[in-house]
Structure formats: structure tokens, C-alpha cells
Amino acid sequence: MDGVALRSVDGEAPRRNIGTLYAGDDPAGLRVDAGACVRIMTGAALPEGADAVVPVERLRAEGGLIHLEVLPKPGDHVRRQASQARSGDLLLPPGTPLNAARIGLLAQVGDPMPALERIVVAVASTGDELTAEPRPHQIRDSNGPMLTALAHRLGAEARRLPSLPDDPAALAARLRDLDGIRVLLTSGGVSMGQKDHLPAVLQDLGARILFHKLRLKPGKPMLVALLPHPGGDRVILGLPGNPLSAYLNARLFLPVVLARLEGTAEPDPWRHGELGEGVRNPGDRPLLQPCLRDGQRLLPLASQGSGDLAKLAQADACAWIPEGGADAGPCRYLDLP
Ligand code: AMP
Ligand code: MG
């Protein structure tokens, strides 16, 4: 506290000021004897002899002396060394995920600051139908900008790569060129079509497929693989091409991948709300249902399926609807960063 440092044994008696200590000042050379005090600022070290600080709000200067409005007790407003922890104490067990406070603690005890680089996440769409100036049989690449923005919003260093034709050689070339990239988000080409080459190309390159196919609607064709690279395995999120699937699967998995790579705590993406009306789900997979959100209340938006980006763009949230459907009432949902 800003105030005066003094000896508590002198009680309420007025004190003579013998000096001032600012934060960072060396207190050596100042000694507080009976009846004396030292003006002291928050963060300054306590001078020899003093055992308490009285805050400036409880002081009055009068007749060349400093009068106290409180009776000081030993240790008042003094932070003692080793009050947080003692030398040799375990502060963070090995493997503790780092957060900002823990990084601050490491700095406090003199550990070097861990690297804070953002994970580089690259985004590459696949599909011969993608073009900037589409003719009626073609479409624009909406997934590329959408996934790049999502990766950025999730805290990655996001890089959008040129989109790729449905060609195994082009895919293989891109997958061999991942210097400086930790995570690659692809969209399209992981399903059952004759030009869905990504799974086979990954196999050929020696990737370890962690899973291919997800019991979730939208998102059935989703694939996650680890691709060996001299700089460490690259994480490949092979997202489905349909925009809702691509977005929602990346929304679910990318935060987990980023947390694991950063060594931070794995986020729980689920929030709790109230479904405003029942939703049918006759399929055999849980459904992510785009909804409007008003506080905790979620109102389902009738959607045209996993290509209906117009509907997803209106939505504030996606509710989790288990197989068989859900009645109005408590539900969990994802927000849509
Ligand atoms: P695919 O998974 O490659 O079979 O693609 C599934 C559907 O998503 C198809 O209708 C594609 O045209 C569409 N699609 C694929 N990639 C994109 C993209 N980057 N942007 C918009 N739609 C896409
Ligand atoms: Mg495709």
C-alpha cells in the first residue's frame, strides 16, 4: 500500500518521517527506530526495523508529525517473502496445460517465457467445380474463406492456399509441401465419389488415418490423419465439401487440435440452453441443428441440409439433437465463431 512503514510496537503515537521509499528503491541505509516512519509506495521493499504499513488513507500530517487513525498490527499491508510458495515447492505439476496466469507464474520464478507463436493452419479447398467466375455448372469456393476465417477466429495463424483440382497428383504435391504448416484443413474429396482422392493419396504418402467417417450429421465423410514430415507430423483435417459439414466439423475438431499442439487445456465447446420447440431426427446419427438464439432459448431454423450455407449464416448456434429427436427443453449447443 502507499502509506508509511513503521514499527507496530510504537502503537498509535505520532511518527517522525525520516525518508521515502519508492518501488524499486534499495531500502539499505534506512532504519526505522522508535517513533520514526518512512513514506513508502506500493511495491517498495520494507526498510529495516519496520514491520507494518499504514495506508495513506489512514494518515494525517499535523505539526510536522504523521498521525495515525488506526492501531498498526505486525504484518499489516506487508507481503512477506515465501508467502505464496517456498523454495522447492511444486508450483505446476508436469504436464499442466499452460494458460496466461501460469505463464505469468513461470516468469515470476525466472523460467523463460514459452514460445507464443500461433499455430499455422493452412486451408485448401478441393473440387474441379470451384472457380471465381462460375458458369451454371460451377460454384465459387465458399469453404476456403470460411475455414480461413474460422481458423483465425480460433486463434491460429490462418493461411489460405489456392484451391486444388480433383487430381491425385495435385493433392499429393500439396501434401508434400507443408513446410511451416502444422495443420492443414482441406475441404471436399473425402467422400465416396470417384474423384474423392484424398484418403488414398494420404495412404500413399504414409499418413496415419486416425479416423475416417463420423457419426454426425452433417459430417459423415470427415477424416483426420497425421502425415509424417521432417518437421513433425502434420495434422490433416479432411473436412467434407458441403459447407455446413466443413464449418461444423472444423468448429468441433480444430479447437481440440490447437489446444493439443499448444499444450493448453482442451476447450469444452458445449453450452447449455433451452430448445424452444421439438426437433425430429429420424436418422441414425446425432444432428447439429442451426438455430437462432435469444438468450438461452434456441429456435430451430428449417434448413435445406448440409449445403444450406444461407441458413447457417443466419444461425447463432447449432443445437445437438440426438438420434430419434429432441423435445423442447434443455439442450446443449455450439456457438458459431
Ligand atoms: P465433396 O465432399 O467434394 O463431394 O463435396 C460435397 C459438396 O460440397 C459438393 O456439392 C461440392 O460442390 C460442395 N463443395 C465442395 N467444396 C466446396 C467449396 N470449397 N465451397 C463450396 N462448396 C463446396
Ligand atoms: Mg469434391
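The rules we used
- Residues numbered from 1 in each chain as written.
- Chains lettered and ligands numbered in written order.
- Predicted model: local features only at pLDDT ≥ 70, side-chain atom pairs only at ≥ 80, totals over all residues.
- Heavy atoms only, no water.
- Helix = DSSP H or I, 4+ residues; strand = E, 2+ residues; numbered from the N terminus.
- Rg over C-alpha atoms; globule rule 2.2 N^0.38 Å.
- Buried < 20%, exposed > 50% of the residue type's maximum accessible area, 1.4 Å probe, protein only.
- Contact = heavy atoms within 4.5 Å.
- Areas by Shrake-Rupley, 256 points an atom, 1.4 Å probe, with all protein chains shown as cover.
- Lys, Arg positive; Asp, Glu negative; His and termini not counted.
- Charge placed at Lys NZ, Arg CZ, Asp CG, Glu CD.
- Near = heavy atom within 4 Å.
- Polar contact = N/O pair within 3.5 Å; in protein donor to acceptor, adjacent residues only side chain to side chain.
- Nonpolar A, V, L, I, M, F, W, Y, C, P; charged D, E, K, R; others polar.
- Salt bridge = Lys/Arg side-chain N within 4 Å of Asp/Glu carboxyl O.
- Pairing = 2+ DSSP bridges.
- Axes fitted to C-alpha atoms, helices over the stretch in contact; angles between N-to-C directions.
- Core = buried A, V, L, I, M, F, W, Y, C linked by side-chain atoms within 4.5 Å.

**Q** For this particular structure, what's the right way to read the overall build of the protein chain?
**A** Across its full length, the protein chain carries six helices and 17 strands. Here the protein chain has a C-alpha radius of gyration of 31 Å; the compact-globule value for 337 residues is 20 Å, and the former is much larger. Each principal axis of the C-alpha atoms in the protein chain carries an extent, and together these give about 95 × 50 × 40 Å. The buried share of the protein chain, reckoned over its 337 residues, is 41%. Considering only residue pairs separated by 6 or more positions, the protein chain has 59% of its internal contacts joining residues 24 or more positions apart. If you sum the accessible surface of the protein chain, you get close to 18,300 Å²; carbon and sulfur atoms cover 50% of it. Each charge sign in the protein chain was given a centre, from 37 positive and 39 negative side chains, and these centres are 3 Å apart.

**Q** Explanation requested: the site of ligand 1 in the structure shown.
**A** Ligand 1 sits among 15 residues. The nearest are Glu129, Asp141, Ser142, Gly189 and Gly241. One nitrogen or oxygen atom from the main chain of Gly189 is found 3.0 Å from an oxygen atom belonging to ligand 1. Along the lines of polarity and charge, the residues of the shell around ligand 1 split into two nonpolar, nine polar and four charged.

**Q** Where do I start with the pattern of salt bridges in this structure?
**A** A side chain of one charge can pair with a side chain of the opposite charge when the charged atoms of the two come close. Under the counting rule described, the total for this entry stands at 13 salt bridges. Across the salt bridge formed by Asp76 and Lys73, the nearest N and O atoms sit 3.7 Å from each other. Of the charged contacts, one joins Glu157 and Arg159 as a salt bridge, the two residues approaching to 3.5 Å between their closest N and O atoms. Take Arg159: its relative accessible area is 33%, and that puts it in the partly exposed class. It is possible to trace a salt-bridge network through shared partners that takes in Arg31, Asp33 and Glu48.

**Q** Can you help me understand the sheet that holds strand β15 (residues 297-300) in this one?
**A** Backbone hydrogen bonds hold the strands of a sheet together, and the pairing may be parallel or antiparallel. Taken in spatial order, the five strands line up as β13-β15-β14-β16-β17 and close into a barrel, and their pairing is mixed. Strand-to-strand twist of the sheet, defined as the mean angle between neighbouring strand axes without regard to direction, takes the value 55 degrees.

**Q** Explain helix α3 (residues 168-175) to me, please; I cannot follow it from the model alone.
**A** Owing to its 3.6 residues per turn, the α-helix brings residues three or four apart onto one side. Regarding α3, the residues found buried are Ala170, Leu171, Ala172, Arg174 and Leu175. Turning to α3, the residues buried within the fold contact β7 (120-125), β9 (183-187), α4 (198-204), β11 (223-227) and β12 (234-239).

**Q** Which parts of the structure should I look at to understand the pairing of β12?
**A** The side chains of a regular strand alternate between both faces of the sheet. Within β12, six of the six residues are buried, which leaves it mostly tucked inside the rest of the structure. Bridge analysis of β9 against β12 gives five bridges, and the strand direction is parallel. Each bridged residue has a counterpart across the sheet, and for Ser187 the counterpart in β12 is Leu239. The sheet contact formed by β11 and β12 spans five bridges and is antiparallel. Residue Leu226 lies in a different strand from β12, and its bridge partner there is Val235. The hairpin formed by β11 and β12 contains six residues between the paired strands, and Gly232 there has a positive phi angle of roughly 110 degrees.

**Q** When you look at the nonpolar core in this model, what are you seeing that I'm missing?
**A** Within soluble globular proteins, side chains that are nonpolar generally end up buried alongside one another. Residues Val121, Val183, Leu185, Leu237, Leu239, Leu254 and Leu288 are the most contacted members of the largest nonpolar core, which totals 35 residues. Only β7, α2 (143-153), β9, β11, β12 and α5 (243-262) provide two or more residues apiece to this core. Once residues lying within four places of it in the same chain are set aside, the contact partners of Val121 are Ala151, Ala156, Glu157, Ala158, Arg159, Val183, Leu185, Leu254 and Leu258. Within the second largest apolar cluster, 21 residues are counted, among which are Ala122, Ala170, Leu178 and Leu223.

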